[in-house]
Each structure stands twice: as structure tokens, then as C-alpha cells.
Amino acid sequence: MKLFGKGSKLYSILRHKCPRCQQTDLFINKNPYNPWTIDKMPHYCSKCGEDLQREVGFYYGAMMVSHATTTIIAVIVHFTVYHFYGWDIAPQLITLLSILVLLLPLVFRTSRAIWINMFSKYDPNALQNKIER
Ligand SMILES: [Zn+2]
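Sequence order as written defines residue numbering, which begins from 1 separately in each chain. The predicted origin of the model limits local features to residues at a pLDDT of at least 70 and limits the giving and counting of side-chain atom pairs to 80 or more, whereas totals for whole chains, interfaces and linings rest on all residues.

Chemist: How should I be thinking about the nonpolar core in this particular structure?
Modeler: The nonpolar side chains of a soluble globular protein tend to be buried with one another. Any set of buried Ala, Val, Leu, Ile, Met, Phe, Trp, Tyr and Cys residues joined through C-beta atoms within 7 Å is what this text calls a nonpolar core. With C-beta atoms placed from the backbone, a residue is buried if 20 or more other C-beta atoms are within 10 Å of its own, exposed if 12 or fewer are, and partly exposed between those counts. C18, C21, L26, C45, C48, A113 and W115 are the most contacted members of the largest nonpolar core, which totals 15 residues. Under the DSSP-based scheme used, a helix requires at least four consecutive residues in state H or I and a strand at least two consecutive residues in state E, with every element numbered from the N terminus. Considering each element in turn, this core owes the most residues, four residues, to helix α3 (residues 89-119). Contacts here follow a simple rule: the backbone-placed C-beta atoms of the two residues must lie within 7 Å. Leave out the neighbours within four places in its chain, and W115 touches Y59, G61, A62 and V65.

In C-alpha cells:
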């Protein structure tokens, strides 16, 4: 199993690509900071036919991934701010809230990408084996 580059889970997760063919985007608008299209995904991959919606409420599970990701970010921010300001609560809160608000769209989309990659794997012959819908 490849760790980096095309064919790896990280490639699909970090670039928000279809987990099966890694050719098309998971989200309709590439810009995660557009609040109207942040969660808009195609139902099926246009190149390989992978079902990107799976079932109603499929992405509720991505909230658990988002929770874990946010916790990791919060711990990193805490220790970084602690290094400069100690236990002072104001710098901790202001820094953490600012960073979480700024990263929210990226964490949201990356959590969905991680979630669907748990259930789908890369197929180098996905385009030849297209699932007809
Ligand atoms: Zn695909």
C-alpha cells in the first residue's frame, strides 16, 4: 500500500478526490470557503461511477472524524500558546477560536474525505471498470 502519491489514501484525502479513481473532485466547488457550496458533493463520480453519497446520513460519521481532528488541533494550539503566555485564558481562547473558525471549512471537507476513504479503496482500473448508473 502506497503512503503518498496517487493511489494512496492520503492523496484522495488531502486533495479531496474520489477515493476509487482519484480523478474527480469530491466537492462540486473546489473553494471550501464558499458557505453556499461547502457541503455540495456529486452523488456519483462522473468518471468511475463510485457512489459518493452511499446512503442518507452517511456523512454523520464524518462528525466523529471532525471531532478527533479538532481535538488534535486544540491540543497543538494549547501547547503552542502555553509556551508563550502560560495558563492565561484570554490568549488561549482567542487563538483557539480564531484558528478553528479559519480551519472549519477545511476540517469539515477533510473529515468527509477521510470518512469515505474508510469505506472505499483506490482501484487503478476504475475507469475501465466504470460502475454504470
Ligand atoms: Zn471516481
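That shown, we press on.
Chemist: Would you mind showing me how to read the environment of C45 here?
Modeler: On the secondary structure map, C45 appears in the loop between α1 (9-15) and α2 (62-85). Each C-alpha atom of the pair C45 and L26 lies 8.0 Å from the other, and the pair is 19 residues apart in sequence. Each residue touching C45, except ones within four places of it in the same chain, is listed here: C18, R20, C21, T24, E50 and L52.

Chemist: How should I be thinking about α3 in this particular structure?
Modeler: An α-helical turn contains 3.6 residues, so any two residues separated by three or four positions project in the same direction. Fitting axes to the seven residues ending at a residue and to the seven starting there, one defines the bend at that residue as the angle between these axes. At L103, α3 shows its maximal bend, which comes to roughly 55 degrees, and the proline P105 appears one to four places after that position. For α3, every residue scored as buried is listed here: R109, T110, S111, R112, A113, I114, W115, I116 and N117.

Chemist: What am I meant to see in the packing of α2 against α3 here?
Modeler: Working note: a packed helix pair is described by the angle between its axes plus the distance between those axes. One way to put it is that α2 packs onto α3 with a least axis distance of 9 Å and a crossing angle of 150 degrees. With respect to their mutual orientation, α2 and α3 come out roughly antiparallel. Considering the relative orientation of α2 and α3, their crossing is right-handed. Polar here means any residue other than Ala, Val, Leu, Ile, Met, Phe, Trp, Tyr, Cys and Pro, which are nonpolar, and Asp, Glu, Lys and Arg, which are charged; Gly is therefore polar. Partitioned by chemical class, the residues of the contact of α2 with α3 number 16 nonpolar, seven polar and one charged. Every axis in this analysis is a line fitted to C-alpha atoms, fitted for helices over the stretch in contact. Angles between the N-to-C directions lie between 0 and 180 degrees. When an angle is under 35 degrees it counts as roughly parallel; over 145 it counts as roughly antiparallel; between 65 and 115 it counts as roughly perpendicular; any other value is oblique. Crossing handedness follows the turn of the near helix against the far one: under a right angle anticlockwise gives a left-handed crossing, and clockwise gives a right-handed one.

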